[in-house]
Amino acid sequence: KQEVTQIPAALSVPEGENLVLNCSFTDSAIYNLQWFRQDPGKGLTSLLLIQSSQREQTSGRLNASLDKSSGRSTLYIAASQPGDSATYLCAVSRIGNTGKLIFGQGTTLQVKP
Amino acid sequence: NAGVTQTPKFQVLKTGQSMTLQCAQDMNHEYMSWYRQDPGMGLRLIHYSVGAGITDQGEVPNGYNVSRSTTEDFPLRLLSAAPSQTSVYFCASSYRSVKGDTEAFFGQGTRLTVV
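All values derive from a computational prediction rather than experimental measurement.

The next subject is the overall build of chain A. When you go through chain A residue by residue, the secondary structure sums to zero helices and 11 strands. Taken from N to C terminus, the helices and strands of chain A fall in the order β-β-β-β-β-β-β-β-β-β-β. For 113 residues, the compact-globule estimate of 2.2 N^0.38 gives 13 Å, and the C-alpha radius of gyration of chain A, at 13 Å, lies within 12% of that figure. Principal axes of the C-alpha set define a box for chain A whose edges measure 40 × 25 × 20 Å. Classification of the 113 residues of chain A by burial places 47% in the buried group. Long-range pairs, those at least 24 residues apart, make up 55% of the contacts in chain A between residues at least 6 apart in sequence. For chain A, the accessible surface area stands at approximately 5300 Å², while carbon and sulfur atoms represent 48% of it. In chain A, the 10 positive side-chain charges and the 8 negative ones have mean positions that sit 6 Å from each other.

What follows is the structure, encoded as structure tokens:
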């Protein structure tokens, strides 16, 4: 059974710091991986999707990598800002079925001004 | 663009009542799913659909029914509400392009309380 773990559960950093969020999964078979952001009381917003054949994706200050051999993904946030404060969730899905996501429990990030 | 629309946003039910949570998407996505989010449990898949007329169970399907008669709509029915179904419910949609799977789009959620 696929299990997804995110460490740490919570993180507090000063503004401007570069930071890394971690996601690990137990089944390294052919999966896609997505990173989401969730603000309090809101829905999930997709940040980056790494398809199984890819190793990383970049969007602005965000960079996500995928290492299937070790069952790990990292989300790198450069030059963090208070507006980055949110909960970040990673989720995996089998190729051809993005309707069936398996989520980690998330990392709650606070960026202090 | 409306994206994924969920109604209602908030609902209070009495134990034993039934209701339907609505989900509609206007992006012509073939995949649609329902998740529930609970403190300490994260998001868990209830039911999903890979196209009109095709549904399947997820991790926590008991107490819920779904059907998908159109591409746009994927309602979630609570047959007889129980306090254990108090949760925040999210609907999501996605599709498979020629380049591969796409990102999932989520609705804003329905916060359900069963008393």
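Phi is mostly negative for residues that are not glycine, and the peptide bonds are mostly trans. With omega at 0°, the peptide bond leading from I7 of chain A into P8 of chain A counts as cis. Within the element layout of this structure, P8 of chain A appears in the loop between strand 1 (4-7) and strand 2 (10-14). Geometrically, the link from T7 of chain B to P8 of chain B is a cis peptide bond, its omega value of -5° lying close to zero. Turning to its location among the elements, P8 of chain B is positioned in the loop between strand 1 (4-7) and strand 2 (10-13). Not every positive phi belongs to a glycine, and A79 of chain A is a case in point at roughly 45°. Positionally, A79 of chain A belongs in the loop between strand 8 (72-77) and strand 9 (86-94). Positive phi, normally seen in glycine, also occurs at N28 of chain B, with a value near 60°. Mapped onto the fold, N28 of chain B is located in the loop between strand 3 (19-25) and strand 4 (31-38).

This next bit is on the environment of Q25 of chain B. Residues and elements named next belong to chain B. By secondary structure assignment, the location of Q25 is in strand 3. Distance from Q25 to C91, taken between C-alpha atoms, is 9.5 Å for residues 66 residues apart in sequence. Of the polar contacts made by the side chain of Q25, one reaches the backbone nitrogen of M27; its length is 2.9 Å. Among the polar contacts made by the side chain of Q25, one reaches the main-chain carbonyl oxygen of T71 at a distance of 3.0 Å.

Glancing now at the state of the cysteines. The full count for this structure, using the stated rule, is two disulfides over all chains. Through a disulfide, C23 of chain A is tied to C90 of chain A; the S-S separation comes to 2.0 Å. The disulfide joining C23 of chain A to C90 of chain A has a torsion of about 75° about its S-S bond and is therefore right-handed. Of this pair, C23 of chain A sits in strand 3 (residues 19-25) while C90 of chain A sits in strand 9, and the two are 67 residues apart along the sequence. The same class applies to C23 of chain A as to C90 of chain A, namely buried. Sulfur-sulfur distance for the disulfide between C23 of chain B and C91 of chain B comes to 1.8 Å. Here the disulfide of C23 of chain B and C91 of chain B is left-handed, its torsion about the S-S bond being about -70°. Separated by 68 residues along the polypeptide, C23 of chain B in strand 3 and C91 of chain B in strand 9 (residues 87-94) bring together distant segments of the chain. C91 of chain B shares its class with C23 of chain B; the two are buried.

With that out of the way, let us pick up the sheet that holds strand 1 of chain B. Hydrogen bonds between backbone atoms are what pair the strands of a sheet, whose relative direction is either parallel or antiparallel. Residues and elements named next belong to chain B. Pairing is antiparallel in the open sheet, where four strands are placed in the order 1-3-8-7. Unpaired on one side and paired on the other, strand 1 and strand 7 (64-66) mark the two borders of the sheet. Strand-to-strand twist across the sheet, computed as the mean angle between neighbouring axes with direction ignored, equals 20°. Judged from the three bridges that link them, strand 7 and strand 8 (residues 76-78) form a sheet pairing that is antiparallel. Directly across from V66, in strand 8, lies its bridge partner L76.

Each value, and the rule that gives it
- Residues numbered from 1 in each chain as written.
- Chains lettered and ligands numbered in written order.
- Predicted model: local features only at pLDDT ≥ 70, side-chain atom pairs only at ≥ 80, totals over all residues.
- Heavy atoms only, no water.
- Helix = DSSP H or I, 4+ residues; strand = E, 2+ residues; numbered from the N terminus.
- Rg over C-alpha atoms; globule rule 2.2 N^0.38 Å.
- Buried < 20%, exposed > 50% of the residue type's maximum accessible area, 1.4 Å probe, protein only.
- Contact = heavy atoms within 4.5 Å.
- Areas by Shrake-Rupley, 256 points an atom, 1.4 Å probe, with all protein chains shown as cover.
- Lys, Arg positive; Asp, Glu negative; His and termini not counted.
- Charge placed at Lys NZ, Arg CZ, Asp CG, Glu CD.
- Polar contact = N/O pair within 3.5 Å; in protein donor to acceptor, adjacent residues only side chain to side chain.
- Disulfide = S-S within 2.5 Å.
- Pairing = 2+ DSSP bridges.
- Axes fitted to C-alpha atoms, helices over the stretch in contact; angles between N-to-C directions.

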